[in-house]
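# Structural features, examined
What follows is the residue order along each chain.
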Amino acid sequence: MSTVIKVENLSKKYIIAHQKRERYLTLRDTIARKSKEIGKRLLHPFVSSSGQPLAGLAGTEEFWALKDISFDVQQGNRIGIIGRNGAGKSTLLKILSRITEPTTGRIKIKSRVASLLEVGTGFHPELTGRENIFLNGAILGMGKAEIKKKFDEIVAFAEVEKFLDTPVKRFSSGMYVRLAFAVAAHLEPEILIVDEVLAVGDTQFQRKCLGKMEDIGREGRTVLFVSHNMSAIQKLCNRAMLLDNGRLMADDEPVTVINSYLHNHQPTSECWALDSKKFTHSGPVLITDIKLLDLDNNILKILFTGGGFVLQIAYKLKEGVKIPSASFIIKFKNQMNTEILRLSNTPISGFPIENLSGEGRINLVLPVIPFAEGMYYIDIALARQGQGFYVKLINVLSLYINGQDIYKSGCAVTQTRGLTVLPHKWIFKPENNASVESGWKGAELLSKPAEICRENS
Amino acid sequence: MNESFDLIIEPGKGIKQFWSDLWRYRELFYFLAWRDILVRYKQTVIGIAWSVVRPVLTMLIFTVIFGKFAKFPSEGNSPYPILVFVAMLPWQMFANALTESSTSIITNANLISKVYFPRLIVPGSAVIVSLIDFLISFVILGILMAWYQFVPGWRIITLPFFLLLALMAALGFGFWLSALNVKYRDFRYIVPFMVQFGLYISPVGFSSSVVPEQWRLLYSLNPMVGVIDGFRWAILGGMSKLYLPGFLLSIVLTLGIFLFGLYYFRKTERFFADVI
């Protein structure tokens, strides 16, 4: 395998200017201040208005978007680049595609590079679909003859035959994006650089895009691919790199890198946040703490679809207070405030707690999280069964459940594809033919509770 | 080992195979110009007729004001409307090219920050667009000449040279101003003013023979003076005289502006995506 890209000690610095903003500006103030500044500058040309020498650049700050990055790319590598927002992923792609220049370091590139940092760059709303295919193709580096040759293929891929001669400003946003992706997908460079553009269109089209990317990979072309969609990276890439604060933290097999990213580099606060202001601090019955633990009772950092967790609630009752039949109620809600799941020791689960008093903890163990990727909110309440609430904490906990390729299909289940996941299988019975079975999908969901039940029995 | 790499990106070095890239992307010149032409008169009622109406109206007004009211002399016995129109051909082209190309980088900011291609193509194609208007106006000139039964002499074959001169002046200013515009948006306001101002200090509505002899060389510091005089010399035939020292000065200046504009653009283009 030959090296097609060689990156050596690459760094990129940006100077950020901080604008001082008043609460509100009047034109008079602005004019007065500006004229004062200009006066000052005329008198002392090398001193800035705040009195510091200009060389110090008052109000600006250096920011290293990339710092000392080195790596080699071999022919046929399909590299997924992951990292949090602002980690430098897009800057890296921009430098590789020659849009901006590095501050230090060197890149050597063999063969033709095409980059796709945005879908539909250069589309003009007034032009028709046909015209935009040519324009966009030319902007992405295709020749007229090349576009003509692929024209029919592009149109078929985008499914916009009927609207070819309509200005794209009349297109639905889905059609627009499909057309834009179709043009880009028919580029045929040896090295393709793609930034988070697969998350467009409806589910069906997304699958088509992923399929196209797979084809490109199968043809042995080199791909650099930024995405937050871990399952897409796992499916498409044979190598992954992790960027954090402009530094290259990992460069390995996709599974290894993704795991290290999900487990170490996402701060706890992103996954779940406790609103402790909602705790009551006085009264006969208190909830004093809420914790999310993993199944081995360690503090949980990350939540996955299909993962398990323990919700631990610490309570404290005033001396002499006794709840004859205590009911801890936990509600799971989505962002639309729809209740998805409610559990209570009694009456729902049929686990009565008599005469609750003093202090203690109660754990709710959930071996699998059957929720799709997205944000969830939890209400926690303590009630006396059938008598009303002592404590009611609304939205006290917010969880971000990370999507996983739970059905091993390359398709992460996010909230846009339904809220829950379930183990299942398909049995297909065509007429006059033997039936075909898909096998169990979501086996993890299926097996974990069983395992845990076995352990405990 | 190093030789086997096609492209080396290093800070401060610029893009090495600039000219070969420009050649590889040559079709983009055409496509960007084509887009601008297509888009230009979308959702207008009279469409492309605008590029006929504008120069004709300007020509009429100039003829009335300079020829009839101010009674400026024509060159030889050529009809005043033709005198004006011949000058308006290069002037309109220059003015449009300058206006369009100076803002071109900013109006294409989304391209600049998301795709690589030689940035020079953007102001370059803006100049090509104004060449189309030039061709339309040229047809009108033909009709005008037929109307006045005016036959140009052999010198008309030198016209492409003067056209090239006008193009170089427009490109030079266009490169320079479009690069400046990226960082200092002040130029968005300066350019229209320059164009308005230029119309009066260029011999568009009148013959440059109106300018006193001792001022002619100074007057030729305006590169469009040379171009317009050249156009008149080529089209109006024997009755128009070329002021040679001034004309040579215009050529040198135009070349200088073109090279400086190109140099400035090349020097600053690598910061475009960061600053825009």
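Look above for the structure.
The structure presented is a predicted model; accordingly, all values stated were derived computationally and were not measured.

## Regarding the overall build of chain A
Secondary structure summary: chain A contains ten helices and 21 strands in total. The burial tally for chain A puts 46% of its 457 residues in the buried class. Summarising the internal contacts of chain A: among those between residues at least 6 apart in sequence, 70% fall at separations of at least 24. Summing over all exposed atoms, chain A offers an accessible surface of approximately 23,300 Å²; the carbon and sulfur share of this is 51%.

## Let's talk about the packing of aromatic side chains
Counted by the stated rule, this structure contains 29 aromatic pairs over all chains. Considering the side-chain rings of Phe31(B) and Trp34(B), the 5.8 Å spacing of their centres and the 85° angle between planes classify their relative orientation as edge-to-face. Of this pair, Phe31(B) and Trp34(B) both sit in helix α2 (residues 26-40), three residues apart, which is roughly one turn of that helix. Phe31(B) gets classed as buried once you look at its relative accessible area, which sits at 2%. When the centroid spacing of 6.0 Å and the interplanar angle of 35° are considered together, the rings of Phe134(B) and Phe138(B) count as tilted. Taken together, the positions of Phe134(B) and Phe138(B), both in helix α6 (residues 121-147) and four residues apart, correspond to about one turn of that helix. Here a set of aromatic residues connected by ring pairs shows up, and it is made of Phe134(A), Phe151(A), Tyr30(B), Phe31(B) and Trp34(B). One residue, Lys12(A), lies across the ring of Tyr14(A), its end atom 5.1 Å from the ring centre. The residue whose ring lies beneath Lys392(A) is Phe389(A), and the NZ or CZ to ring-centre distance is 4.4 Å.

## Things to note about the pattern of salt bridges
Residues and elements named next belong to chain A. As enumerated under the stated definition, the model contains 22 salt bridges over all chains in all. Taking the shortest distance from any N to any O, the salt bridge between aspartate 251 and arginine 239 comes out at 2.8 Å. Note that aspartate 251 is positioned in strand β9 (residues 247-252) and arginine 239 in strand β8 (residues 239-244), a separation of twelve residues in sequence. Beyond isolated ion pairs, a larger network of salt bridges with shared partners links Glu214, Asp215 and Arg218.

## Observations concerning the side chain of Ser137(B)
Residues and elements named next belong to chain B. Examined against the element boundaries, serine 137 turns out to sit in helix α6. Relative accessible area serves as the criterion here: at 8%, serine 137 is assigned to the buried category. Apart from residues lying up to four places away in sequence, serine 137 is in contact with Ser51, Pro55, Phe85 and Leu89.

## So, a nonpolar patch on the surface
Together, Ile61(B), Val64(B), Ile65(B) and Phe69(B) make up an exposed nonpolar region whose accessible area comes to about 390 Å². The exposure class assigned to Ile65(B) is partly exposed, which follows from its relative accessible area of 41%.

## Quick notes on the side chain of Asn96(B)
Residue and element names in this part refer to chain B. Relative to the elements of secondary structure, asparagine 96 occurs in helix α4 (residues 80-107). Here asparagine 96 falls in the buried class, since its relative accessible area comes to 16%. Leaving out residues up to four positions away in the same chain, asparagine 96 has contacts with Arg54, Ser130 and Asp133.

The rules we used
Counting restarts for each chain, with residues numbered from 1 along the sequence as it is written. Lettering of chains starts at A and numbering of ligands starts at 1, both following the order in which they are written. Residue-level local features of this predicted model are given only where pLDDT is at least 70; pairs of side-chain atoms are given and counted only at 80 or more, and the full residue set underlies all totals for whole chains, interfaces and linings. Excluding hydrogens and water, the side-chain values take into account all heavy atoms of the structure. Numbered from the N terminus, helices here are DSSP runs of H or I no shorter than four residues, and strands are runs of E no shorter than two. The buried label goes to any residue with under 20% of its type's maximum accessible area, the exposed label to any with over 50%, and the partly exposed label to all in between, with areas taken from a 1.4 Å probe on protein chains only. The contact definition used throughout considers only heavy atoms, calling two residues in contact when any of these lie within 4.5 Å. Per-residue and other accessible areas were derived by the Shrake-Rupley procedure at a 1.4 Å probe size, with only the shown protein chains allowed to occlude residues. Pairs were defined over the aromatic rings of Phe, Tyr and Trp, the Trp ring being its six-membered one, requiring ring centres within 6.5 Å. Orientation was assigned from the angle between planes: stacked under 30 degrees, edge-to-face over 60, tilted for the rest. In this scheme, the term charge over a ring applies when either NZ of a lysine or CZ of an arginine sits within 6 Å of the ring centre and within 35 degrees of the ring normal. We define a salt bridge as a side-chain nitrogen of Lys or Arg found within 4 Å of a carboxyl oxygen belonging to Asp or Glu. Think of a patch as exposed residues, more than 30% relative accessible area, with no salt bridge, where like charges cluster within 9 Å and nonpolar side chains (Val, Leu, Ile, Met, Phe, Trp, Tyr) cluster within 5 Å.

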